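One letter stands for each residue in the lines below.
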Amino acid sequence: MTLIALPAHLYQRQRWRNGLGWTREIWRSGEGPAWRVSIAEIDADCEFSSFPDCRRQLRLLAGAGLCVQINAQDPTILALPFAALDFNGDDAVAAHLIDGPVQVLNLIHRPDAIDARLLHRPLLGSMLFFLRPGQTWLLHLAAGQARLREADHQLQLGAGDSALLFGEAGRVQLEGGGDLLLVQTDRRADAAV
């Protein structure tokens, strides 16, 4: 099993595809990625970039909230910490700030290549991850402190840091306290390699 530290100070800041905002990329699974995780920085009302053939999942990380309208339908309010929203990457999405800038964790993935989900879990003590072949976990510590342990290898995580777990089947223990956002991906059996 492989553990990779993804400290917050190494996230790559880049413009959105449409030029209307900024994101800090945490992880990308290669060129023309099957999946990517980033933190979108939204400081003005705007439209989201289009990602055809992808699915998107968001979680509110910081700020008073966001009103999101998808394909001119009734808006969804993301106001509670870690509030979630899922939609197609090519949907027309308009975002309106409720009261000042926000940050959202953004998972974009190609459903033809992987199955993916974005979860929030409070971290209170110890948590075990059992990795299967073809599976990857990205852990983002939104708040608190934590330590990952696998055999003789350890990683310390502070608020805003992330870690990637992948490889052969195995078990990893996470200890600490805070709020954790988890991305679980499983390579689809029918996906082209």
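Residues numbered from 1 in each chain as written. Predicted model: local features only at pLDDT ≥ 70, side-chain atom pairs only at ≥ 80, totals over all residues. Heavy atoms only, no water.

Colleague: Please provide a residue-by-residue account of the sheet that holds strand β5 (residues 46–47), values included.
Modeller: In sheet architecture, strand pairing relies on hydrogen bonds along the backbone and comes in two forms, parallel and antiparallel. Within the open sheet, the four strands sit side by side as β5-β10-β7-β8. Their pairing is antiparallel. Both outer strands of the open sheet, β5 and β8 (76–78), are each paired with one neighbouring strand and no more. Relative to β8, strand β7 (residues 66–70) is paired through three bridges, and the arrangement is antiparallel. By the bridge assignment, V68 is partnered in β8 with T76. (Pairing = 2+ DSSP bridges. Helix = DSSP H or I, 4+ residues; strand = E, 2+ residues; numbered from the N terminus.)

Colleague: Outline the packing of aromatic side chains, listing residues and values.
Modeller: Applying the stated criterion across every chain, the model contains three aromatic pairs. A centroid spacing of 6.3 Å and a plane angle of 40° characterise the contact between F48 and F87, whose relative ring orientation is tilted. Pair noted here: F48 is in the loop between β5 and β6 (55–62) and F87 is in strand β9 (residues 84–88), with a separation of 39 residues, a long-range link. The exposure class assigned to F48 is buried, which follows from its relative accessible area of 10%. Ring geometry for F129 against W137: centres 5.1 Å apart, planes inclined by 70°, an arrangement best described as edge-to-face. The residues F129 and W137 share a single accessibility class, namely buried. Among the aromatic side chains, those forming a connected cluster through ring pairs are W16, F48 and F87. In this structure, R13 is placed above the aromatic ring of W22, and the distance from its NZ or CZ to the ring centre is 4.2 Å. (Phe/Tyr/Trp six-rings, centres within 6.5 Å; stacked < 30°, edge-to-face > 60°. Buried < 20%, exposed > 50% of the residue type's maximum accessible area, 1.4 Å probe, protein only. Lys NZ or Arg CZ within 6 Å of the ring centre and 35° of its normal.)

Colleague: Mind laying out the pattern of salt bridges, listing which residues take part and the relevant values?
Modeller: For the structure on display, the rule yields nine salt bridges. Among the salt bridges present, the one from D115 reaches R188, with a minimum N-O distance of 3.3 Å. Taken together, the residues span a long stretch of sequence, with D115 in strand β12 (residues 114–131) and R188 in the segment after β16 (170–187) at a distance of 73 residues. The partly exposed category is assigned to D115, whose relative accessible area is 40%. Residue R188 is classed as partly exposed on the basis of its relative accessible area of 27%. Its salt-bridge partner being D186, residue R132 comes within 3.0 Å of it at the nearest N-O pair. A residue pair is termed long-range when its members are at least 10 positions apart, and R132 in the loop between β12 and β13 (135–150) and D186 in strand β16 qualify at 54 residues. Assessed through its relative accessible area of 44%, R132 is described here as partly exposed. Take D186: its relative accessible area is 17%, and that puts it in the buried class. (Salt bridge = Lys/Arg side-chain N within 4 Å of Asp/Glu carboxyl O.)

Colleague: Any chance you could break down the state of the cysteines for me, citing the residues and the numbers?
Modeller: Enumeration according to the criterion identifies zero disulfides in this entry. Just so you know, C67 is unpaired, no disulfide at all, and the nearest cysteine sulfur is the one on C46, 12 Å from it. (Disulfide = S-S within 2.5 Å.)

Colleague: So, the sheet that holds strand β2 (residues 12–15): which residues are in play, and what are the values?
Modeller: As summarised here, the arrangement of the six strands in space is β2-β3-β4-β11-β6-β9, forming an open sheet in which the pairing is antiparallel. Each of the sheet's edge strands pairs with one partner strand only, and the pair in question is β2 and β9. Going across the sheet, the axis of each strand differs from the next one's by a mean of 30°, ignoring polarity. Taken together, the four bridges between β2 and strand β3 (residues 22–28) define a ladder with antiparallel strand orientation. (Axes fitted to C-alpha atoms, helices over the stretch in contact; angles between N-to-C directions.)

By themselves these figures say nothing about function.
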